[in-house]
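# Structural features, examined
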Amino acid sequence: MIIPAAGLGTRMAPMPSAIISGNKDAKTKKPHPSKQFTELSGTPILIHTLRKFAAVAAVSEIWIALRENEIDGFRDRLRTEAKDVLSKRVELVTGGEHRQQSVAHALNAVTASPDDIVLVHDAVRPLVSAEIIHDVIEAAKKYGAAIAGLPAVDTVKQVERTSEGAIIKATIPRASVVLAQTPQGFRYDVIKKAFDEAAADGFMGTDEASLAERSGHEVAVVMGSPKNIKITTPGDMDLAEFYLRK
């Protein structure tokens, strides 16, 4: 499996006003950690995420794409704080400027058979369940490509952006909409072909499934969970802490 974790996660950083609000020692404070290293109940979000996959028997290897200057430090943290994760083969590779590049770097380093299943999961979705992981793996085996997703519960509007906001152009039936989550799973030959074609054409997708779709491969959807949140803003941390306590 592959976890792209080279992003900066700027939406998790403190508001600029909090940094310049007259605090004399603001310049001496340590930089805010990357989102995936922000601590949730005393443990980095990324380690919470890794533990979910390390506990799944079907997962044999974990490839983590990090910024180059974070690799050595994180390897040390795994040895001291997360020896349970190291029950699997764990490889750290240098990520790219964008998620797609990070996943591509890991894919290019992996040795796999065409029908091996490759999972890709957001570094900051630490509440994924073993059931969802299992379901995505089984669907990927059957269909070649699969993602976890949630049916839309709100009315979905297609809009046109304007300088003053947005104008509704259409209402999209909820029955035809799902909200994509991760993990996303693929046979190795499917995802490698999709990534190679995207690289050759200079195409940047929104997620791995979008590349498989573009490559002409149908992607199945299995049921995700409202708890499988992607921690993006400080407010998401409160919800994640709540779910962890339950």
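Below: a short report on this structure.

This next bit is on the packing of helix α2 (residues 45-54) against helix α3 (residues 71-81). α3 packs onto α2 with a crossing angle of 60 degrees between their chain directions and a minimal axis gap of 12 Å. Taken together, α2 and α3 sit at an angle that is classed as oblique. The hand of the α2/α3 crossing is right-handed. Residues Leu46, Ile47, Leu50 and Arg51 of α2 form the contact with α3, whose participating residues are Phe74, Leu78 and Glu81.

Let us look at the packing of helix α4 (residues 99-109) against helix α6 (residues 188-201). Where α4 meets α6, the axes come as close as 11 Å, and the angle between the chain directions of the two elements is 125 degrees. As the angle between them shows, α4 and α6 are arranged oblique. The element α4 and its partner α6 pack so that their crossing is left-handed. Between α4, through Gln100, Val103, Ala104, Leu107 and Asn108, and α6, the contact on the second element is made entirely by Tyr188, Ile191, Lys192, Phe195 and Ala198.

Turning our attention to the side chain of glutamine 181. Mapped onto the elements of the fold, glutamine 181 is located in strand β10 (residues 178-187). Its relative accessible area of 6% is what places glutamine 181 among the buried residues. Reaching out from glutamine 181, the side chain makes a polar contact with the backbone oxygen of serine 225 at a distance of 2.9 Å.

About the thresholds
Residues numbered from 1 in each chain as written. Predicted model: local features only at pLDDT ≥ 70, side-chain atom pairs only at ≥ 80, totals over all residues. Heavy atoms only, no water. Axes fitted to C-alpha atoms, helices over the stretch in contact; angles between N-to-C directions. Helix = DSSP H or I, 4+ residues; strand = E, 2+ residues; numbered from the N terminus. Parallel < 35°, antiparallel > 145°, perpendicular 65-115°, else oblique. Left-handed = near helix turned anticlockwise from the far one by under 90°. Contact = heavy atoms within 4.5 Å. Buried < 20%, exposed > 50% of the residue type's maximum accessible area, 1.4 Å probe, protein only. Polar contact = N/O pair within 3.5 Å; in protein donor to acceptor, adjacent residues only side chain to side chain.

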